[in-house]
Amino acid sequence: MSGVDRRPVSGADVCVVGAGVAGGVVAAKLAAAGADVVVLESGERFDPDDRLAQMEQAIRPEHTDSEIWNMGGPRDRFSSSGDVEYALNERRVKGVGGTTLHWLGTTPRLHPRDFEMDSRYGVATDWPISYDDLRPYYAQAERELGIVGNDEGNGPPRTEPYPMDPFPATHADGMYADACEELDISMRPCPQARNTEPYDGRSQCVGYGTCIPVCPSGAKYSGDVHIGTAEERGAQVISRVTVEHLEHGTESVEAARYVTPDGTRYRQTAEQFVVAAGGVETPRLLLLSESSHYPDGLANTSGLVGRYFMEHPGVRTTARIDSETNPEPVRFLTRISEQFYEGADGPPGSILLKFGNPQPASPVEHALSGPDTSSLDGLGTALGGTEWGEDLLDGIDTETNTFWIGGNVEMLPDRTNRVTLDDGQTDEFGNPVPDVSFGVGSYATETAEEALAIQREILETAGAEVTRQTDPADPNYLSHHMGTTRMGADPSESVVNPQLRTHDVENLWCVSSSVFPTVGSANPTLTIAALALRASEFLTADL
Amino acid sequence: MTRELTRRDALVALGSGAAIGTAGLLASESKGAGEAADSDVIGTVHAVAETVYPDEVTATRAFVRTYVDGQSQQRREAIAEATARLNEGAKRHTGQRFTALSEGDRTATLTRLGVGRVESNPDGSVPERIRYQLVNSTLYALFSSPLGSELVGIENPTGHPGGYKSLFRPPEGEQ
């Protein structure tokens, strides 16, 4: 859009790179502390007034999810060179709000064991902080984001109630529960950032059913909530500017150099710089910011920037049952199990089970799917495929007789799994793209096999016939990008310290899932928010 | 007896009918603000809806107007353009505007224009745009509202803000 002022802000105390949950929380907290904050975001600012139109696009089969949030394209080019052919842009959103614009909203906490994997089991590494260190920030994050849940069933220790009551159980949940009771497996309401009542000025869930990719009511939290708070407190957000280099001396960053859509380049100066750009773009920016001082990339004396990339493999078992499961489309999770979260001195490692809510066939999708042009014979009756009028509803069967259980699977950090720069390919601004290279590893594969066996046992106990299982060696990946600027006390073994400040550069911070030393099997966003709240206190003390 | 789709049903299809006080209502109102669609446009969209809907439901002009006026200006222009192309095609083949045709001739006209044989595409050829902006949009409006989805047993279809509690009902005959 012409006429938008994308020039740098003078006198900024803090420059935040990235306007997702992490950047939003940091910006809101620092602005509240009186700091002059500027946020630089590569993606656009989506108009909240467009959410209903986006929902129509999401429901109609003529559109793809990536259209709705402008995902992919020249800005987001990447390469994938490892064992896993990785679809980086499938669920990653660049925009004011980040990937939470598109997420499902599932927000379990990590468990204490995730912080002590080396001490307990002799695998991977310990975090330099404990669950107890993060615990008050988890509670604060749950209040900030608006999390529903309760204390049932094998969750990590907590003393504070969830801010909101959980969603009730669906009919399918009841069928899973009968089987789990027989097998002595605990279930619990899924903790999630989706309001069961009006909360923090946002609507309760009204059941649109398009959580992924878009929530029109605002009942699902997304990072633009905190960005809005930050702006109310005086922070300035510049969208559609891509930071391509952090200019620095030996000990400090001086400016973030960014490029606007028309190719104009500016320098944003500040006292402190926070890179909050996720597990891929955060290490990429440090690597792009190489210099004579840091020839291998900024803050990379350890050589670990980009290493230890982790994901959450996801595996699913689908089954068929004689009775109807859910008659209405519930398109979010309502029950999970953390019974198998702890693992042991595995493999198998940690597993978080997700009890699927099966969907009846969508009448919109059926009616709009259009003609099957492959079968057209060019003759008269042949409108082909789905007709309209009286024939419109022929063939649609909305009775749901399927079941599925999914599982998040723990993957261990492996030094050879990494994000690097691919000098052979550039983005729209001429900068090398990130290359994501990783393999799933035997620990995760064996954990996935265990998850599939548990899923099968539950479903068969429920009286269902298993029809499909994920190949444990070729799982789905849940778009949780983690581990690439790991946190630690030892500068030779980590990129950021326990406060999330880089060991090498005194005014440079990484606030992102990139700092996770290990990942358990819990979805990462609540931990990202908790770490952002904690880091904000250290940043505030430095202002 | 057929069920009649009203303005209220169209508000539902726009995602605002039952969500009083939500961002959805505000959004649909603000996006729909401005100049209302031309009466000829509404008449043509209404004629398309009458043609493509199952006999169990009947769309009123108010239903169609509410849906169309609830769209962004850009979408309304695209819908208007598609109605112009449809009427041109109807005149070419029958000598009359689409709205003046019997239901049988309307179906025949859509068929002759190739609308039933193409992929729906807002940026495509004329029949592809007619399919997207008129046929599929009116079908979307119908089946994202309970009056459409209840034809296949779904009370709170995806896209309808019927409240999350309605999503949790058990199957018929179950507790």
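Residues numbered from 1 in each chain as written. Chains lettered and ligands numbered in written order. Predicted model: local features only at pLDDT ≥ 70, side-chain atom pairs only at ≥ 80, totals over all residues. Heavy atoms only, no water.

**So, the packing of helix α3 (residues 39-52) of chain B against helix α6 (residues 103-112) of chain B**
Residues and elements named next belong to chain B. It is at 10 Å that the axes of α3 and α6 come closest, and there the two elements cross at 95°. The orientation of α3 relative to α6 falls into the category roughly perpendicular. Contact residues: Ala 47, Glu 50, Thr 51 and Val 52 in α3; Glu 103, Arg 106, Thr 107 and Leu 110 in α6. In terms of residue class, the contact of α3 with α6 is built from three nonpolar, two polar and three charged. (Axes fitted to C-alpha atoms, helices over the stretch in contact; angles between N-to-C directions. Helix = DSSP H or I, 4+ residues; strand = E, 2+ residues; numbered from the N terminus. Parallel < 35°, antiparallel > 145°, perpendicular 65-115°, else oblique. Contact = heavy atoms within 4.5 Å. Nonpolar A, V, L, I, M, F, W, Y, C, P; charged D, E, K, R; others polar.)

**Structural notes on the sheet that holds strand β14 (residues 418-426) of chain A**
Within a sheet, adjacent strands bond to each other through the backbone by hydrogen bonds, running parallel or antiparallel. All names here are of chain A. Pairing within the open sheet is mixed, and its three strands lie in the order β3-β15-β14. Two strands bound the open sheet, and with one partner strand each, they are β3 (79-80) and β14. With respect to the sheet, helix α8 (residues 278-288) is in contact with β14 and β15 (432-437), its orientation differing from that of β14 by roughly 65°. (Pairing = 2+ DSSP bridges.)

**Remarks on the interface of chain A and chain B**
Accessible area lost upon the coming together of the parts is a frequently used measure of interface size. Taken together, the contact between chain A and chain B spans 60 residues of the former and 61 residues of the latter. Carbon and sulfur atoms make up 63% of the area that chain A and chain B hide from each other, which totals about 4700 Å². The three residues of chain A that bury the most area against chain B are A:Tyr208, A:Glu328 and A:Trp388, which together make up 16% of that side's buried surface. The interface formed by chain A and chain B includes two salt bridges. (Buried area = accessible area lost by both parts, 1.4 Å probe. Salt bridge = Lys/Arg side-chain N within 4 Å of Asp/Glu carboxyl O.)

**What to know about the sheet that holds strand β1 (residues 14-17) of chain A**
Residue and element names in this part refer to chain A. Spatial ordering of the open sheet is given by β5-β2-β1-β9-β18, a layout of five strands whose pairing is parallel. Strand pairing shows two members of the sheet lacking a second neighbour, β5 (236-238) and β18 (508-510), which therefore form its edges. Averaged over all pairs of adjacent strands, the angle between their axes in this sheet comes to 20°, without regard to strand direction. Relative to β18, strand β9 (residues 272-275) runs parallel, the two being bridged by three bridges. Note that in β18 the partner of Val 274 across the bridge is Trp 509. In this fold α8 packs onto β1, β9 and β18, with an angle of close to 150° to the strand it touches most, β18. Packed on one face of the sheet, helix α11 (residues 525-542) meets β9 and β18 and runs near 170° to β18.

**So, the nonpolar core**
Within the largest apolar cluster, 91 residues are counted, with the highest numbers of intra-cluster contacts made by A:Val37, A:Leu40, A:Leu246, A:Val274, A:Leu298, A:Leu508 and A:Leu531. Here the element with the most residues in this core is α11(A); it accounts for nine residues. If we skip the residues at most four places from it in the chain, A:Leu531 touches A:Trp127, A:Ile129, A:Leu134, A:Met487, A:Leu500, A:Val515 and A:Phe516. Core analysis: the next-biggest nonpolar cluster, separate from the first, contains 52 residues, A:Leu101, B:Val41, B:Tyr53 and B:Val115 among them. (Core = buried A, V, L, I, M, F, W, Y, C linked by side-chain atoms within 4.5 Å. Buried < 20%, exposed > 50% of the residue type's maximum accessible area, 1.4 Å probe, protein only.)

**Focus: the confidence of the model for chain A**
With 96% of its residues at a pLDDT of 70 or more, chain A has an overall mean of 94. Confidence drops under a pLDDT of 50 for residues 373-385 of chain A, and excluding neighbours within four residues, the segment shows 22 contacts in the predicted structure. (pLDDT = per-residue confidence, 0-100.)

**Observations concerning a negative patch on the surface**
Taken together, the side chains of A:Glu390, A:Asp391, A:Asp394, B:Asp55, B:Glu56 and B:Glu103 make up a negatively charged region of the molecular surface. Residue position: A:Asp394 is located in the loop between α9 (363-368) and β13 (402-409). (Patch = residues over 30% accessible without salt bridge, like charges linked within 9 Å, V, L, I, M, F, W, Y side chains within 5 Å. Areas by Shrake-Rupley, 256 points an atom, 1.4 Å probe, with all protein chains shown as cover. Lys, Arg positive; Asp, Glu negative; His and termini not counted. Charge placed at Lys NZ, Arg CZ, Asp CG, Glu CD.)

**What about unusual backbone geometry?**
All names here are of chain A. With an omega dihedral of 15°, the bond running from Ile 212 to Pro 213 counts as a cis peptide bond. Mapped onto the elements of the fold, Pro 213 is located in the loop between β4 (188-189) and α7 (224-232). The phi dihedral of Asp 200 is positive, around 55°, even though this residue is not glycine. Residue position: Asp 200 is located in the loop between β4 and α7. Given the relative accessible area of 54%, Asp 200 is considered exposed. In the Ramachandran plot, Ala 299 falls in the positive-phi region, its phi being about 60° despite a non-glycine side chain. Within the fold, Ala 299 resides in the loop between α8 and β10 (313-320).

**Brief notes about the pattern of salt bridges**
All chains considered together, the criterion is met by 36 salt bridges over all chains. A:Asp76 is the salt-bridge partner of A:Arg75, the closest N and O atoms lying 2.8 Å from each other. Looking at A:Asp76, the relative accessible area reads 1%, which means it is buried. The shortest N-O distance in the salt bridge between B:Glu155 and B:Arg169 comes to 3.4 Å. Here B:Glu155, found in the segment after α8 (146-149), pairs with B:Arg169, found in the segment after α8; they are 14 residues apart in sequence, far enough to count as distant. Given a relative accessible area of 37%, B:Glu155 falls into the partly exposed group. Residue B:Arg169 is classed as buried on the basis of its relative accessible area of 16%. Each of A:Arg75, A:Asp76, A:Arg92, A:Lys94, A:Glu281, A:Arg284 and A:Asp427 takes part in one network of salt bridges that share partners.

**Here we look at empty space enclosed by the protein**
All names here are of chain A. On inspection of all chains with the given rule, the structure shows three cavities of 30 Å³ or more. If you add up the space inside the second largest cavity, you get close to 90 Å³. Around the second largest cavity, the lining is made up of 14 residues, and of these Cys 205, Tyr 208, Gly 209, Cys 211 and Cys 215 lie nearest the centre. Classifying every residue of the lining of the second largest cavity gives eight nonpolar, four polar and two charged. (1 Å grid on protein atoms, 1.4 Å probe; cavity = no way out; pocket = protein on both sides within 12 Å on 5 of 7 lines; lining within 4 Å. Points joined across faces, edges and corners; volume = space filled by probe spheres on them.)

**Things to note about the confidence of the model for chain B**
Confidence in the prediction of chain B, expressed as mean pLDDT, is 85, and 79% of residues score 70 or more. Low pLDDT, under 50, characterises residues 17-33 of chain B; the predicted model gives this stretch 39 contacts beyond four residues in sequence or across chains.

**Points about the environment of A:Ser239**
Residue and element names in this part refer to chain A. Structurally, the position occupied by Ser 239 is in the loop between β5 and β6 (242-248). Among the residues examined, Ser 239 registers a relative accessible area of 12% and is labelled buried. Through-space distance from the C-alpha of Ser 239 to that of Gly 18 is 9.4 Å; in sequence the pair is 221 residues apart. Beyond its immediate sequence surroundings of up to four residues, Ser 239 is in contact with Arg 6, Glu 41, Gly 43, Glu 44, Arg 45 and Val 96.

**Here's the deal with the packing of aromatic side chains**
This structure, assessed with the given rule, holds 17 aromatic pairs over all chains. Consider the rings of A:Phe438 and A:Tyr477, whose centres lie 5.2 Å apart with planes at 85°: the pair is edge-to-face. Separated by 39 residues along the polypeptide, A:Phe438 in the loop between β15 and α10 (441-461) and A:Tyr477 in strand β17 (residues 476-477) bring together distant segments of the chain. Here A:Phe438 matches A:Tyr477 in class, with each residue buried. With 6.2 Å between their ring centres and 80° between their planes, B:Tyr164 and B:Phe168 make a pair best called edge-to-face. Each member of the pair, B:Tyr164 as well as B:Phe168, carries the same accessibility label: buried. Grouped by ring-pair contacts, the aromatic residues A:Phe115, A:Trp127, A:Tyr131, A:Tyr138 and A:Phe516 constitute a single cluster. (Phe/Tyr/Trp six-rings, centres within 6.5 Å; stacked < 30°, edge-to-face > 60°.)

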